[in-house]
Structures are given as C-alpha cells and as structure tokens.
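Secondary and tertiary structure notes
What follows is the residue order along each chain.
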Amino acid sequence: MQLFGVKVSAFYRFCSIIPARLSNFAANYIILYMIDTTIFQNKKAVYYTLGCKLNFAETSTIGKMLKEAGVRTVRPGEKADICIVNTCSVTEVADKKCRQAIHRLVKNHPGAFVVVMGCYAQLKPEQVADIEGVDLVLGAEQKGDLMKYLGNLEKHAHGEAVTTAVKDIRTFVPSCSRGDRTRYFLKVQDGCDYFCSYCTIPFARGRSRNGKIADLVEQARQVAEEGGKEIVLTGVNIGDFGKTTGETFFSLVQALDKVEGIERYRISSIEPNLLTDEIIAFVAQSKRFMPHFHIPLQSGCDEVLKLMRRRYDTQLFASKVHTIKSYMPDAFIGVDVIVGTRGETPEYFEKAYEFIQGLDVTQLHVFSYSERPGTQALKIDYVVSPEDKHARSQRLLALSEEKTHAFYARHIGQEATVLVEHAKAGMPMHGFTPNYIRVELERNEALDNQMVRVRLGDFNADGTALQGTLM
C-alpha cells in the first residue's frame, strides 16, 4: 500500500524524520495518514478521565484523533475494542481510584486494548503495567504520540511501559476540545517549576512549557468556526505561561480577547502571585473574559504556607481578592484549600479558618492532605490524624456552602445572560451566568449552546442552582 508515494511499511522510518518544529499533535495527523487505518475502522473506544480539566481536554483531543482514524465512542451496553484511561495522582485516593477504574474497564470490556496515561502512569509506570489487562502505559512525553504506539491493537502478555525521565519531558501537546460539553477547554500551558513541598505534579508533568500565542489564537478561531461560544483556559500553572516562548500570560489574554465569535473566556486556576493587577483590570473591562477567578490559597496561615513552600503570604492573597472585588464586586472567586498538611497544628488551622472566613470569596474547594512519596513535606514532623483532617474538612465545607449560598442569594431577582449547556435526558436545562452562578431552566432542546437572558429566581430543590425564567 502506498500513500503520496510512500510505502506504509516505511511508517516508523518516516516517524523518525518528522521535523522537530512540528508539534506532536500535528505530527500525529501526519502519522495518521501514514498508517494502514483499516485496523481502526469500525473499532469502538471507551474513555475514562480522572482529575483536572487539563486531563479532560487531553482525553477529548485523543478521542478526536482516534475518531479521525475511524474509531467511534462506545455506546451504552457495547463492548469496547480500545480503553483509554487518563489518570490523576494528586493524592493516594486518586491513585486508588485510577486502579479501580482500570480494573473495572478491564472487566467490563474483555479483550479490549487498554492504554493508561496521565500523572499516575508517569509516576508509577511499572506498577500500572503490572495491572492485569493493561497493554500500554504512556508517560507525559509519549501520550501525544498515542497513534505511534497502538500497533495492531493485539493484546500484550504483559503491559508495556514507555516513559521519559521527568528532566527530559519537553513536549507541549496542544489540546482544545469539548467532549460532550458546551464549553471548550483550551490547554495553554503544561508542567510546573514550583516544587511545593506536598506536590508531585512537577514529577508527573515535567517543567513549565507552553504553546505559542499565535497557535493558541488559531485554535480559538477554530472553536468559533465550530460554533463554540465559551473557552476555559487550562494548564498546570497557567500564570507561568511564556517560559518556552518568551511571551506572557497577559499578552495571551489580550490576544484571545480579539478573537471574533467567542463570547466567553474563563481563566482556570491561577497562582495568586502570578495574577497581576493588570490582568485583573483587563478582565474587568473585557466583554469576553468573565468575572470569574479560581485562585489556590492552600492555607490561610503564613507558617503553613512557608512549610508548603508557597510563593506568597496571606497578605498578598487578601490583596488580590480585594483588588478583584474593587473592580468587579460581583465576581465569583473560587479558592483551593488543603487541610491536615504536615505541620498544621490546631492553632495554625484555627488561624487559617479565621483568615478564610474573613475573605470575600464565593466557594472553597477543600482537599485533605495526602502523603506523597518523594515530597519534601514528609520531612515535617507534626502529623495530623485522619480524624482531625476530616473534622477540619467538614468545617471548611460548611463555610464554603455558607459563602456560596449567600453569593447566590444576593443575585435573586436580577437579570443575567446564561449560556445554556447540554443536559442529560429527563433533566432540566442548565447554564451559567458570567459570574458562574448555576441556573436551571425548563427543558427546551432548542436552547442548547444558546445565550439567553433570564431573570434569576429562588434556589432549586437541592439548593445547587437558581431557577431561571426566560425574559
């Protein structure tokens, strides 16, 4: 078989000479046309993603790539030929969930070719490869080259792990996809140079790297052409954007703001020390960047922040919240908090709770500290008991619910624009206001992916959304 005068049997030789200036994603599409894709025709795949929005974006892009090769997503009740698992490893609980998901997929799809990638796969490749039924384990540098490793989809006697040492992870693999959601997720950055004492992400994702502004703007334009109206900017440490291109996150925000057809952008988690006042001021006057911020605090106690090796203190964090609110009084501010980290004495927790209680923020994302092998936090002597971790978590979750409820309640009776999202059969339609208030609407399929004006009514039955009435 020949394609453009090149024998398909020369595929691997061809792969070795793909110009380095091509991204992995672009190279994959060249590779796709060099493979005898008949092996993928009428094959069915199931995708399972754990962890962050970045993982979701990457899985969706992989699904799009396989679809181009002739693979369709499995339907309910069908057995898959390919299982793709994109893993997380932020906690020991996450590792456990990854193993459970793999076992479940192997059981539910006997004979399927099972590929595991993501943070858990990079950190513990041999452990993952030893799981019965796993065929292929791809590290952070390899997952963008998935097509190159699938072969003829024949099951392996034992899982094969293909990874790269973390110091050699250099590739930025573009991802921009929505899967079955209305919002698109645009990956702008990957990796992290911070090495906080409790975190394994730099060891799983590698050093900070990013795409070029021109390429990311082009991806946003393609979203607009597809009818997409909202894009969430994702990454591991997006405020650090520019390490590999000499650009800045602020310049990226300015460039994306000019893309016609995109109604909304949201900035996902951004470090407080990297959320500059000029970014905040720009979002305040932008018609496309929404008044919605997600800022990791991790602890409201300066002593614990030092133990965590964070790059800010509570004074700086409070000043960022104050600046946001001074420009955008109704801005939604979500905050990440870790409870029970080593060194968090009862006195330090009370200090943190009091600080957080006084912050004008909307919602807390509360995580219990998990011991991670190889992290510097293990050198800290004071250990918090599981019981105390749970109690502290419950207190902060209750505080979060109180703050979110008060934020929603302030908006009852107001008018807002909602981007309506796809809803499961039998469920009410829902969407979000610019400042991320969830709104429920009477079911009407014609509203899917439409911007509508609504009047915000009272809370729904379970208190998770406001009821909206079309204007």
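To be clear, the structure that these remarks concern was listed above.
These lines cover the structure that appears in this document, whether it is placed above or below. In this numbering scheme, every chain counts its residues from 1 along its sequence in written order. Thresholds applied to this predicted model are a pLDDT of at least 70 for local features of residues and 80 or more for the giving and counting of side-chain atom pairs; totals over whole chains, interfaces and linings are not thresholded and use all residues. Side-chain calculation: all heavy atoms of the structure are included, whereas hydrogens and water are not.

1. A look at the environment of Phe172
Counted only if it meets this: Helical segments are the DSSP runs of H or I of at least four residues, strand segments are the runs of E of at least two, and each set is numbered from the N terminus. Note on contacts: a residue pair is in contact if any heavy atoms of the two residues lie within 4.5 Å.
Considering the arrangement of structural elements, one finds Phe172 in the loop between strand E8 (160-162) and strand E9 (176-177). In this structure the C-alpha to C-alpha distance between Phe172 and Gly191, which are 19 residues apart in sequence, comes to 9.1 Å. Setting aside anything within four residues of it in sequence, one finds Phe172 in contact with Lys187, Val188, Gln189, Asp190, Arg209, Asn210 and Gly211.

2. Remarks on the nonpolar core
Quick note on the threshold: The term nonpolar core refers to a set of buried residues drawn from Ala, Val, Leu, Ile, Met, Phe, Trp, Tyr and Cys, joined through side-chain atoms within 4.5 Å. Any residue under 20% of the maximum accessible area for its type is buried, any over 50% is exposed, and the rest in between are partly exposed; the area is computed with a 1.4 Å probe on protein chains only.
Ranked by size, the top nonpolar core spans 69 residues in total, and within it Phe249 and Leu396 carry the most contacts. When residues no more than four places from it in sequence are discounted, the contact partners of Phe249 are Leu233, Ile238, Gly239, Phe241, Ile267, Ile270 and Ile279. Ranked by size, the runner-up nonpolar core spans 22 residues in total, among them Ala80, Ala101, Ala112 and Val134.

3. Some words on the sheet that holds strand E17 (residues 363-368)
Where we set the bar: When DSSP finds at least two bridges between two strands, those strands are taken to pair. Structural elements are reduced to axes, namely lines fitted to C-alpha atoms, with helices fitted over the stretch in contact, and the angle between N-to-C directions of any two is expressed from 0 to 180 degrees.
The strand order across the open sheet formed by 3 strands is E15-E16-E17, and the pairing between neighbours is parallel. Looking at which strands have only one partner, the edges of the open sheet turn out to be strand E15 (292-298) and E17. Within this sheet the neighbouring strands show an average axis-to-axis angle of 20°, counted without direction. Here E15 runs beside strand E16 (residues 332-339); their pairing, made up of 6 bridges, is parallel. Within E16, the position partnered with His294 by the bridge is Gly334.

4. What about the packing of aromatic side chains?
To be explicit about the condition: Think of it this way: a Phe, Tyr or Trp ring, Trp meaning its six-membered ring, pairs with another when their centres are within 6.5 Å, and the plane angle makes it stacked under 30 degrees, edge-to-face over 60, tilted otherwise. Sitting over a ring, as applied to charges here, requires NZ of Lys or CZ of Arg to be within 6 Å of the ring centre and within 35 degrees of the ring normal.
Under the definition given, this model contains 10 aromatic pairs. Ring geometry for Tyr408 and Phe459: centres 6.2 Å apart, planes at 10°, overall stacked. Highlighted residues: Tyr408 in helix H15 (residues 386-409) and Phe459 in strand E21 (residues 451-459), separated in sequence by 51 residues. Over the face of the ring belonging to Phe172 we find Lys187, whose NZ or CZ atom lies 5.2 Å from the ring centre. Sitting above the plane of the Tyr353 ring, Arg395 keeps its charged end 4.3 Å from the centroid.

5. Looking at the sheet that holds strand E18 (residues 415-421)
Spatially, 5 strands are ordered E18-E19-E20-E22-E21 in a closed barrel, and the strand pairing comes out mixed. For this sheet, the mean angle separating the axes of adjacent strands, direction not counted, is 50°. As paired elements, E21 and strand E22 (residues 466-470) share 4 bridges and run antiparallel to each other. Each bridged residue has a counterpart across the sheet, and for Val454 the counterpart in E22 is Leu470.

6. Focus: the side chain of Ser370
With respect to the helices and strands, the residue Ser370 is situated in the loop between E17 and H15. Sequence-distant contacts of Ser370, that is, excluding residues within four places in its chain, are made with Thr91 and Glu92.

7. Brief notes about the pairing of strand E3 (residues 44-49)
Basically, it comes down to this: Look down the strands so they point away from you; if going from the first strand over the helix to the second traces a clockwise path, that crossover is right-handed.
Here 2 bridges tie E3 to strand E4 (residues 72-73), and the two strands are oriented parallel to one another. Looking at E4, one finds that Ala45 is bridged to Thr73. For the handedness criterion, the β-α-β arrangement of E3, helix H3 (residues 53-68) and E4 is classed as right-handed. With 5 bridges joining them, E3 and strand E5 (residues 82-87) adopt parallel strand pairing. The residue bridging Tyr47 from the neighbouring strand is Ile84, located in E5.

8. Side note on helix H14 (residues 346-357)
Note the cut-off: Helices are assigned an expected span. That span is 1.5 Å times one less than the residue count. Summarising the geometry, the arc corresponds to the directions from the helix axis toward the C-beta atoms.
With 12 residues, H14 extends 16 Å from end C-alpha to end C-alpha; this agrees with the ideal 16 Å at 1.5 Å per step. All buried positions along H14 are accounted for by Phe349, Ala352, Tyr353, Phe355 and Ile356. On an axial view of H14, the arc spanned by its buried residues comes to 165°, and they lie on one face. Relative to its buried face, H14 has exposed residues pointing more than 90 degrees away, namely Glu347 and Glu354.

9. Points about the side chain of Thr433
Along the polypeptide, Thr433 turns up in the loop between strand E19 (429-432) and strand E20 (438-441). Discounting chain neighbours no more than four positions away, the residues touching Thr433 are Arg264, Arg266, Ala416, Thr417, Val418, Val439 and Leu456.

10. Let's talk about the packing of H14 against H15
Filter applied, for reference: Here roughly perpendicular refers to angles of 65 to 115 degrees, roughly parallel to angles under 35, roughly antiparallel to angles over 145, and oblique to all remaining angles. Only Asp, Glu, Lys and Arg are considered charged in this grouping, and only Ala, Val, Leu, Ile, Met, Phe, Trp, Tyr, Cys and Pro are considered nonpolar; every other residue, Gly among them, is considered polar.
Axis separation between H14 and H15 bottoms out at 11 Å; the angle between their running directions is 5°. Classified by the angle their axes make, H14 and H15 are roughly parallel. Facing Pro346, Phe349, Glu350, Tyr353, Ile356 and Gln357 of H14, the residues of H15 in contact are Arg392, Arg395, Leu396, Leu399 and Lys403. The residue inventory of the contact of H14 with H15, partitioned by class, reads 6 nonpolar, 1 polar and 4 charged.

11. Here we look at the pattern of salt bridges
Heads up, the condition is: By definition, a salt bridge exists where a carboxyl oxygen of Asp or Glu is found within 4 Å of a side-chain nitrogen of Lys or Arg.
Applying the stated criterion across every chain, the model contains 34 salt bridges. Between Glu230 and Arg264 there is a salt bridge whose closest N-O contact spans 3.9 Å. With Glu230 in strand E13 (residues 230-234) and Arg264 in strand E14 (residues 264-267), this pair connects stretches of sequence that are 34 residues apart. Accessibility assignment for this pair places Glu230 and Arg264 in one class, buried. Residues Lys351 and Glu303 are paired through a salt bridge, measuring 3.0 Å at the closest nitrogen-oxygen approach. Of the two residues, Lys351 sits in helix H14 while Glu303 sits in helix H12 (residues 302-308), which places them 48 residues apart along the sequence. On the basis of relative accessibility, which here comes to 29%, the residue Glu303 falls in the partly exposed class. A network of salt bridges, in which partner residues are shared, links Glu58, Lys143, Lys187, Asp190, Arg205 and Arg209.

Note that every value here comes from positions in space, so none of it alone points to a role or purpose.
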